[in-house]
Amino acid sequence: MQDMSKEADSQVQTEMPQVSRLVVNQNDERFISYDYRESPPREMVQWFRRRARILFNYSMVKKCLPVLSWLPKYQCSYVMYDLIAGITVALTAIPQSIAYGILANLSPQYGLYSNILGCLAYAVFGSVKDVTIAPTSLTAIMVQHVVKELEYGTALLTFLAAVVTISFGALNLGVLVRFISIPVVMGFTFAACLTIGSAQIRSLLGIKTQGKSSDFVTSWTNVFAHLDEVRMADCILGCCSIVVLCSLRLTKDLGEGRWRIFFKYLVLLRNALIVVAGATLAYYLKTDMDDSVFNLTGHVPAGLPVFQMPPFSYTNINGTEYSFGDMLSVMRTSIITIPLVTTLEIVSVGKAFSKGKIIDATQEMIALGMSNLVVSFCSPLPAAGSFTRSALNNSSGVRTTMSCAVTAVVLTISLALFTDALYYIPKATLASVVISAMLFMPDYEEIGNIWRSKKMDLIPFLATALACLFYELDYGILVGIGLNCCILLYLMSTPGLSGEEIQLSGLTVLLVKVDQSLAFSSAECLRDWILKRIDQRDHIDVVVIDGQNIHFADTTVAKNFVSIEEDLRIRQIRLMLWRFDAKVAFVFLRMRKELFIPLLRADVQLQDAVARWKHLHYQIPTE
């Protein structure tokens, strides 16, 4: 009997490897010293030191001021493109900014003031060449209720919203935009083009009656309700302008040599040329200033903005006095919602025009915040990323954010000198410029790619598009992001699991492989899956969980591993944890060190790990 016992011990020794590890990175100092505690203070100090080194260097200054990067490299060939883009956007921005100022219950010139200062600031701080900062219908609607009480005192809301937005950027919260996927951006872009184009149909047909809002449904409802107001002259001018603009766009590759250059610049100038032609035609066809052939932009108050500090206390026209606290009570949650919505808007617009390039969302937050900070010194109407004017900027061949500065200069000159000339720009011409830009804005090929590559991506695409069309653009994109997050949570909650039954060292082993990290949402899934597979098999001695792909685990996961071990022990089955990283193992060890130390094994070969574990810990269950 003693000889047989010695022979068995000798066989076990041959099966047992000479070197064995409990975790993958066995040399971790904390594991050697049996110190499994977390050390957040030291990690936080190191993080602050790294952030301090990043913040106080020239490269960080260049990152916060993109103008320092592109201005030294500015080429003479860019001048024409930026001039054309800036002038074209300015011609469209004039009537729109006036309209948004009126929509916000403010004097019309405040819309222009916001546009001028917003563009100047974005030219310095902006990182996306196509984006144009300007007042939008959304920002106008969001400040309406505040303007009714505070009037010009709403400039304080613009100031505080700017401070909050800059704080978002300083805290590097730009990572939040990673949750905006390509299908969501495509859905937003598609719906925005339909919405913006639909809002221009009224002006294209010469209908003067304006709907309650400019959303997709209301725009078409308003058109059909006032078909009797259609003016044939405006309709003909607008439709002809669209035909000319689309035809010119298709001629960009025509000709050779000088003719090719001619058509190239003709295409770039098409928007500005059509506006000038429309204004000239309206001027020569005028019969009566009060009854023009076309619906015109109308009178724009002349003069430049006056700079002053945003009021921290205010007395409105009715004599009601508001202290700083009273003003805050009027603004309520707008101080937070305006930064959130405008940030989402500018990043979404930037991604829509990025054409695959990476958008620095944090820098866009800082640029938006700085723009509104400057705006608050001369206008109560906050600015945001304008999709319409950004589309015109893009279609005009913009090269750098210098175009924003050009737009600001043109608007300033127009306010100072040419308000009489701006009177004659037909609204139908401006509508045709916007509509023709919207026709070519969606990437129809990319929509087809979504269908071909992953049909499930059509769900966030359609959800975003429909919510934007039938509700509101910005809330629609929130719907898309929320749906994407739900899909992401579902994928995190259902890790890929596979099981293989093998014979090792005289034991029947169920090897369980997990293809991703585990979090609280997926902990129960792993436990239920293992117990279900155990019940489907006749006899299992050991369940081995392969942790090679598990790089994160939390308290809920550790607690479920304790439950897995207890459930298996009741069934007289043992548990072994193989190839777990030290960081994950530390979570388990901090939960119950005495339980998990016998379970962990990280030998290179599973056979060696099972043999060593069997020799040290396994006992044959008694009948």
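Calculation criteria
Position numbers for residues count from 1 along each chain, tracking the sequence in the order it is written. The model is predicted, so local features are restricted to residues of pLDDT at least 70 and side-chain atom pairs to those at 80 or more, both for listing and for counting; the totals for chains, interfaces and linings are taken over all residues. The basis for every side-chain value is the complete set of heavy atoms in the structure, and neither hydrogens nor water enter the calculation. UniProt positions are given in the numbering used here, feature names are shortened, and annotations may be inferred rather than shown by experiment. A run of H or I in DSSP becomes a helix once it reaches four residues, and a run of E becomes a strand once it reaches two; helices and strands are each numbered from the N terminus. For every residue, the accessible area (1.4 Å probe, protein chains only) is compared with the maximum for its type, and the residue is labelled buried under 20%, exposed over 50%, or partly exposed between those bounds. Methods summary: accessible areas were calculated by the Shrake-Rupley approach with a probe of 1.4 Å, and residue burial reflects only the protein chains presented. A pair of strands is treated as paired once DSSP finds two or more bridges between them. Any pair of residues with heavy atoms lying within 4.5 Å of one another is described as a contacting pair. Here, axes are lines fitted to C-alpha atoms. For helices the fit covers the stretch in contact, and angles between N-to-C directions go from 0 to 180 degrees. Here a cavity means grid points, on a 1 Å grid over the protein atoms only, where a 1.4 Å probe fits yet cannot get out; a pocket means an open set of points with protein on both sides within 12 Å along at least five of seven lines; lining residues are those with an atom within 4 Å of a point. Grid points are joined across faces, edges and corners, and a volume is the space filled by probe spheres set on the points. Under this grouping Gly is polar, as are all residues other than the nonpolar Ala, Val, Leu, Ile, Met, Phe, Trp, Tyr, Cys and Pro and the charged Asp, Glu, Lys and Arg. Note that the term roughly parallel is reserved for angles under 35 degrees, roughly antiparallel for angles over 145, roughly perpendicular for angles of 65 to 115, and oblique for everything else. Any pair of Phe, Tyr and Trp rings, taking the six-membered ring for Trp, is counted once the centres come within 6.5 Å. Such a pair is stacked with planes under 30 degrees apart, edge-to-face with planes over 60 apart, and tilted for the rest. Throughout this description, the term charge over a ring refers to an Arg CZ or Lys NZ atom that lies within 6 Å of the ring centre and within 35 degrees of the ring normal.

As annotated in an unreviewed UniProt entry, the protein carries the name STAS domain-containing protein and is attributed to Anopheles coluzzii. Per UniProt, the protein carries the Subcellular location (unreviewed entry) text "Membrane".

Q: What am I meant to see in the overall build of the protein here?
A: Helix and strand counts for the protein stand at 30 helices and nine strands. The buried share of the protein, reckoned over its 623 residues, is 50%. When the accessible surface of the protein is totalled, it reaches about 30,600 Å², and 61% of it is carbon and sulfur.

Q: Help me understand the environment of Asn 115 in this model?
A: Here Asn 115 is to be found in helix 7 (residues 109–125). Assessed through its relative accessible area of 0%, Asn 115 is described here as buried. In this structure the C-alpha to C-alpha distance between Asn 115 and Thr 136, which are 21 residues apart in sequence, comes to 9.7 Å.

Q: What is the right way to read the sheet that holds strand 5 (residues 497–504) from this model?
A: Strand-to-strand pairing in sheets goes through backbone hydrogen bonds, with the strands running parallel or antiparallel. The five strands are arranged 5-6-7-8-9 in an open sheet whose pairing can be described as mixed. The strands lining the two open edges of the sheet, one partner per strand, are strand 5 and strand 9 (600–601). Sheet topology note: the strand 5/strand 6 (residues 507–514) ladder contains eight bridges and is antiparallel. Paired with Gln 503 across the bridge in strand 6 is Thr 508. Sitting on the sheet, helix 28 (residues 555–570) touches strand 7 (542–546) and strand 8 (574–578), and the angle it makes with strand 8 is about 145°.

Q: When you look at empty space enclosed by the protein in this model, what are you seeing that I'm missing?
A: Gaps left between atoms are located by rolling a probe of water-molecule size over the structure's atoms. Within the structure shown, the criterion is met by one cavity of 30 Å³ or more. Here the largest cavity defines a volume of roughly 50 Å³. Put simply, the parts of the chain that give the lining of the largest cavity at least two residues each are helix 14 (232–249), helix 16 (270–284) and helix 23 (427–440). Top element by residues in the lining of the largest cavity is helix 23. It accounts for four residues. When its residues are assigned to classes, the lining of the largest cavity shows four nonpolar, three polar and two charged.

Q: Is there a simple way to think about the side chain of Thr 508 in this case?
A: Take Thr 508: it is sitting in strand 6. Those residues in contact with Thr 508 that sit more than four places away from it in its chain are Glu 501, Ile 502, Gln 503, His 539, Ile 540, Asp 541 and Val 542.

Q: I'm lost on the side chain of Ser 241 in this one. Help?
A: Residue placement: Ser 241 occurs in helix 14. Here Ser 241 is in contact with Ile 274 and Ser 432, once residues within four sequence places are set aside.

Q: Before we go on, may I ask you to explain the packing of helix 10 (residues 155–170) against helix 17 (residues 324–331) in this structure?
A: Packed helices, taken two at a time, are described by the angle their axes make and the gap between the axes. Interaxial distance between helix 10 and helix 17 falls to 11 Å at its minimum, and their mutual angle equals 75°. One way to sum up the angle between helix 10 and helix 17 is to call them roughly perpendicular. Taking contact as the criterion, the partners of Leu 156, Leu 157 and Leu 160 in helix 10 are, on helix 17, Phe 324, Met 327, Leu 328 and Met 331. Residues of the contact of helix 10 with helix 17, tallied by class, amount to seven nonpolar, no polar and no charged.

Q: When you look at the packing of aromatic side chains in this model, what are you seeing that I'm missing?
A: Any pair of aromatic rings gets described here by the distance separating the centres and the angle formed by the planes. Applying the stated criterion across every chain, the model contains 17 aromatic pairs. Each ring, one from Phe 188 and one from Phe 387, has its centre 5.8 Å from the other, and the planes form 85°; the classification is edge-to-face. Of this pair, Phe 188 sits in helix 11 (residues 182–199) while Phe 387 sits in helix 20 (residues 387–395), placing them 199 residues apart in sequence. Across the pair, Phe 387 and Phe 188 agree in class, each one buried. Taking 5.4 Å as the distance between ring centres and 80° as the angle between the ring planes, the aromatic pair formed by Tyr 283 and Tyr 284 counts as edge-to-face. Residue classification places Tyr 283 among the partly exposed residues on the basis of a relative accessible area of 38%. For Tyr 284, a relative accessible area of 67% translates into the label exposed. One cation-aromatic arrangement involves Arg 399 over Tyr 81; the distance from NZ or CZ to the ring centre is 3.7 Å. The lysine or arginine in question, Arg 579, covers the ring of Trp 578, its NZ or CZ lying 4.1 Å from the ring centre.

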